[in-house]
Amino acid sequence: MGEPAQTPFKTTGSQWLMPVSEYLGFPLDQVNFLACQLFALTAAFCFRLYLSPAHVSPLVRHFVAALLGISFLVFCFGWYSSHILAVVVANYLIIIKADLNNVHRGKTLYKLNMGFWTHTSVSMIRGNEVIEHFRLKPGQSRKRPEQQVIITLRYSMVISMGYLTACQVSRVFIFNYGILSTDFSGPLMIVTQKLTTLAFQLHDGMCKKTEQLTQEQKLMAINVRPSFIEYLSYNLNFLSVLVGPCSNYKEYIDFIEGRHISTRLKQQHASSNRQNGYNKTQDPSPLNAVCHKLVVCAGCMLFFLTITRSLPIKYNVDPDFVSQASFLTRLTYAFFSIQAARPKFYFAWTLADAVNNAAGYGFLGMDEHGKPSWDLISNLNIIGIETATSFKTFIDNWNIQTGIWLKTVCYDQAPKHRLALTFILSALWHGVYPGYYFTFLTAIPITIAARAIRRSIRHYFLGSRVMKLGYDILTWAATQLAICYTVMPFLLLAVNYTIVYYRSMYFHVHIISILAAVALHRKHKPREPTTTKTSSVSSSAPCSAQCQHVHSNNNDKD
């Protein structure tokens, strides 16, 4: 959802709901989006009850899921949905057509394309694995299946990110669709995540030895290329085609074929050393989880309609406000306006989660009280966000599935400068508005400084509960203000607005974070590789006894 448009409502999709758009005062593209999500919620219940694996074959479920998803795209975006279909089909052709004759083309493609996405795609493919692949000794044989998958991995990353970037550039600078419009680039971003995730998991299953994989990679590795209908269903299913989230291919196939819940229960019981029972448990109903999430959606919508509109983001750079208000007043308004901007994201992601749960997808396991948890593919943890006492904790609870994707395709793959490359890839994936790059580049020194400060002073406050409470309150305030400062350009988008805001804040967060990072950098030695590896493995273990879905994001655990 967004602010009411000041220009006539336009959309490349269906015009059927124009009367509703005019009555509510919302842009038609947003009305179409909301209508599709509400229809998807109803369809998801029907999908679980009447098209369950017990009643129809997996092929029928794949077909219906893909057909509804494509219909949503056409309804919302008209012929512009062809961009999404084109990149999906192109990537599938890569999977089935890549062969030995394309190896030299991969090298040429890298030399000719100078964009960030081309350069980093080589760095992110298991370090120097691809480069070493091209340096075979005379007489050394090449295994066709493994070679095909390595080429597939590289081409998928280049084509998916390249096509996404080209569409975003044309949308912003050529066709000028408008700021924060609900257009086809959103679903294209989700599809890009899925295409590249599947490519990496194919690589794990067909090119890597078992001992080279982490526990999570072993679970998600794909050993057989998907059929065309499976590929379409995974990438374009109606449950996640509009707003996500991205999920793992094997988990989605388990859901379609009726193994999703039993597999999760089996993994949970295996991790907790319990015996039997997992395959005898009746599938739990997602109804309570869906109702809870719909209540959250209703609260977020009410907050948006009553509070968010009264605290516009652009008032932070209003000339009169900047020149007349005191620094403390400007800081306070910035804090509350950023807080008020979050519920629209909470609404969209929570509704998407409810849609998946209604279909029976997203089961995590049983919590410590023996109740089912349906947060496997949740995209946010609202309580974790609002109570975050560190920059990393906030990141780990915000847009969770995108964080996992960035970790999978970049942070874990880049041989060096992992943090910087991950933030830059995140900015590139989001789009080409300058504000995105200000946000993610600003986040780099803040993240480094936050790590250093935490490691330097936190242990002094653990001696008593009172001191620990005081430390938590102080770090909560510092984190929320740092987040406010960091994400403001993300919402302002333009360079001139960003500079005005930074000047009004006297660049104080930039200055403090850089000084702290430099001053404390040499005080702590870098972590040993074994520590990072252990953390990665432990964080990717199956559902814990408390059934808490934890992921390691762009930076190491503190």
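Scroll up a little and you will see the structure.
Worth saying up front: this structure is predicted, and the values here are computed from it rather than measured. The residue numbering used here restarts from 1 in each chain and proceeds along that chain's sequence as written. In keeping with the predicted nature of the model, local features appear solely for residues at pLDDT of at least 70, side-chain atom pairs appear and are counted solely at 80 or more, and the whole-chain, interface and lining totals rest on all residues. Side-chain figures throughout are based on the complete set of non-hydrogen atoms in the structure, without hydrogens or water.

1. Examining the overall build of the chain
Regarding its fold elements, the chain presents 26 helices and two strands. Residues classed as buried in the chain amount to 52% of the 558 residues present. Two residues form a contact once any of their heavy atoms are found within 4.5 Å. Of all intrachain contacts in the chain linking residues separated by at least 6 positions in sequence, the fraction that spans at least 24 positions is 75%. To be clear on the numbers: accessible area is Shrake-Rupley with a 1.4 Å probe, and residue cover counts the displayed protein chains and nothing else. Counting only carbon and sulfur atoms, one obtains 63% of the accessible surface of the chain, whose full area is about 26,100 Å². For helices the rule is a DSSP run of H or I covering at least 4 residues; for strands it is a run of E covering at least 2, with both sets numbered from the N terminus onward. Partly exposed residues are those whose accessible area sits between 20% and 50% of the maximum for their type, while under 20% is buried and over 50% is exposed, using a 1.4 Å probe and protein chains only.

2. Things to note about the packing of aromatic side chains
Only rings of Phe, Tyr and Trp enter the pairing, Trp through its six-membered ring, and a pair is recorded when the two centres are within 6.5 Å. The plane angle decides the type: under 30 degrees is stacked, over 60 is edge-to-face, the rest tilted. Considering all chains together, one arrives at 37 aromatic pairs under this definition. Seen in terms of ring centroids, Phe-255 and Tyr-361 are 4.9 Å apart; in terms of plane orientation they differ by 25°. Their pairing is stacked. One end of the pair, Phe-255, is in helix H12 (residues 249–257); the other, Tyr-361, is in the loop between helix H17 (343–358) and strand S1 (365–366), and 106 residues separate them in sequence. A connected cluster of aromatic rings, assembled from ring pairs, spans Phe-39, Phe-47, Phe-72, Tyr-234, Phe-238, Tyr-249, Tyr-252, Phe-255 and Tyr-361. Working rule: Lys NZ or Arg CZ, within 6 Å of ring centre, within 35 degrees of ring normal, means a charge sits over the ring. When the ring centre of Phe-255 is taken as origin, the NZ or CZ atom of Arg-61, which lies over that ring, is 5.0 Å away. When the ring centre of Tyr-234 is taken as origin, the NZ or CZ atom of Lys-194, which lies over that ring, is 5.7 Å away.

3. Details of helix H3 (residues 58–77)
With 20 residues, H3 should reach 28 Å at 1.5 Å per residue; the first-to-last C-alpha distance of 28 Å fits that figure. Buried within H3 are the following residues: Arg-61, His-62, Ala-65, Ala-66, Gly-69, Phe-72, Leu-73, Phe-75, Cys-76 and Phe-77. Looking at the packing, one finds that the buried side of H3 touches helix H2 (28–50), helix H4 (81–97), helix H9 (185–207), helix H11 (228–236) and H12. Positive phi shows up at Gly-78, right after H3, with a value of about 60°. Helix span, as expected, comes to 1.5 Å for every residue beyond the first.

4. What to know about a nonpolar patch on the surface
Patch membership requires more than 30% relative accessible area and the absence of a salt bridge. Residues of like charge join within 9 Å; the nonpolar side chains Val, Leu, Ile, Met, Phe, Trp and Tyr join within 5 Å. By definition here, a salt bridge exists when the distance from a side-chain nitrogen of Lys or Arg to a carboxyl oxygen of Asp or Glu is within 4 Å. Together, Val-89, Leu-93, Ile-96 and Phe-228 make up a nonpolar patch on the protein surface, roughly 320 Å² of accessible area in all. The residue Leu-93 is located in helix H4 in this model. On the accessibility criterion, Leu-93 (42% relative accessible area) is partly exposed.

5. Considering the nonpolar core
By nonpolar core we mean a set of buried residues, namely Ala, Val, Leu, Ile, Met, Phe, Trp, Tyr and Cys, connected to one another through side-chain atoms within 4.5 Å. Counting 111 residues, the largest nonpolar core has Phe-238, Leu-242 and Tyr-501 as its most contacted members. The biggest single contributor to this core is H17, with nine residues. Each residue touching Phe-238, except ones within four places of it in the same chain, is listed here: Ala-40, Ala-43, Ala-44, Phe-47, Ala-65, Leu-68, Gly-69 and Phe-72. In terms of nonpolar packing, the next biggest core, distinct from the first, is built from six residues, Ile-261, Leu-265, Met-366 and Trp-374 among them.

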